[in-house]
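What follows is each chain in one-letter form.
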Amino acid sequence: VESAEDFLLQYVHRANETRRCYFLAISCCATGSLCMIDEKAVIAMLPSFSHTMIFSGNVEGVNGDGIYLSLIYFIALGVTQIASMIDYKITANYNFERGIILNEDGDEAQSIFDSWTGLALSRSIVCMIGWLFSCQRLYRRHRSEKQEVSTSSLS
């Protein structure tokens, strides 16, 4: 894409679908991450929200990974909501009959493009961190189950 205006003219046809797709996908991830929260971790963390208790990862042997994963996906959901406002602004300012962006000069189009790019990059990075965190958690779970099977077969 040669300029911000060219990007906006291409993206305007996909803005609503993109907004809906990201919202639904990240909502599913956030909801799924809530199902992974260990209730023992929540109960152990509720009495005192001290810095060391929350960020240590273990409270009396309880793993709080589900809480961190939920936090990551809810941050991604918040970034998606902010990006959705820009997607809506792009769509609302487009004249579909004439094929032009209304009330957008070059500087404002560049500002919208820069804001959208920053939010899209932030959303992608946060979602990748959440995905990697999920993969790490599944790997550790699989490894511990494999160790349990090997120790039970030795007995």
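Summarised in this report is the structure supplied together with it. (Residues numbered from 1 in each chain as written. Predicted model: local features only at pLDDT ≥ 70, side-chain atom pairs only at ≥ 80, totals over all residues. Heavy atoms only, no water.)

1. Considerations on the overall build of the protein chain
Point 1. For the protein chain, the helix and strand inventory stands at 6 helices and 4 strands.
Point 2. Going from N to C terminus, the protein chain has its helices and strands arranged as α-α-α-α-β-β-α-β-β-α.
Point 3. Within the protein chain, the fraction of its 155 residues that count as buried is 33%.
Point 4. When contacts within the protein chain are restricted to residue pairs at least 6 apart in sequence, those whose partners lie at least 24 apart make up 73%.
Point 5. Carbon together with sulfur atoms contributes 62% to the accessible area of the protein chain, which is approximately 10100 Å² in total. (Helix = DSSP H or I, 4+ residues; strand = E, 2+ residues; numbered from the N terminus. Buried < 20%, exposed > 50% of the residue type's maximum accessible area, 1.4 Å probe, protein only. Contact = heavy atoms within 4.5 Å. Areas by Shrake-Rupley, 256 points an atom, 1.4 Å probe, with all protein chains shown as cover.)

2. Comments concerning the packing of aromatic side chains
Point 1. This model, assessed by the stated rule, comprises 1 aromatic pair.
Point 2. With a centroid separation of 4.9 Å and an interplanar angle of 55 degrees, the aromatic rings of Tyr11 and Trp116 are classed as tilted. Highlighted residues: Tyr11 in helix H1 (residues 4-11) and Trp116 in helix H6 (residues 106-154), separated in sequence by 105 residues.
Point 3. The buried category is assigned to Tyr11, whose relative accessible area is 7%.
Point 4. Sitting above the plane of the Tyr22 ring, Arg123 keeps its charged end 3.7 Å from the centroid. (Phe/Tyr/Trp six-rings, centres within 6.5 Å; stacked < 30°, edge-to-face > 60°. Lys NZ or Arg CZ within 6 Å of the ring centre and 35° of its normal.)

3. Focus on H1
Point 1. Turning to H1, its buried residues number three or more, namely Ala4, Phe7, Leu8 and Tyr11. Seen along its axis, H1 keeps its buried residues to an arc of 95 degrees; they face one direction. (Arc of directions from axis to C-beta.)

4. Examining a nonpolar patch on the surface
Point 1. On the surface, Leu121, Ile125, Met128 and Ile129 cluster together to form a nonpolar patch covering roughly 370 Å² of accessible area.
Point 2. By relative accessible area, which is 51% here, Leu121 ends up exposed. (Patch = residues over 30% accessible without salt bridge, like charges linked within 9 Å, V, L, I, M, F, W, Y side chains within 5 Å. Salt bridge = Lys/Arg side-chain N within 4 Å of Asp/Glu carboxyl O.)

5. A word on the packing of helix H2 (residues 15-35) against helix H5 (residues 65-92)
Point 1. Interhelical geometry of H2 versus H5 gives an angle of 165 degrees and a closest axis separation of 9 Å. Here H2 is positioned roughly antiparallel relative to H5, judged by the angle of their axes. Viewed along their axes, H2 and H5 form a crossing whose handedness is left-handed. Contact residues: Ala15, Asn16, Arg19, Tyr22, Phe23, Ile26, Ser27, Cys29, Ala30, Ser33 and Leu34 in H2; Gly66, Leu69, Ser70, Tyr73, Phe74, Ala76, Leu77, Thr80, Gln81, Ser84, Asp87 and Thr91 in H5.
Point 2. Split into classes, the residues belonging to the contact of H2 with H5 amount to 12 nonpolar, 9 polar and 2 charged. (Axes fitted to C-alpha atoms, helices over the stretch in contact; angles between N-to-C directions. Parallel < 35°, antiparallel > 145°, perpendicular 65-115°, else oblique. Left-handed = near helix turned anticlockwise from the far one by under 90°. Nonpolar A, V, L, I, M, F, W, Y, C, P; charged D, E, K, R; others polar.)

6. A closer look at the side chain of Ser134
Point 1. Positionally, Ser134 belongs in helix H6.
Point 2. Its relative accessible area of 15% is what places Ser134 among the buried residues.
Point 3. Apart from the residues within four sequence positions on either side, Ser134 is in contact with Leu69 and Tyr73.

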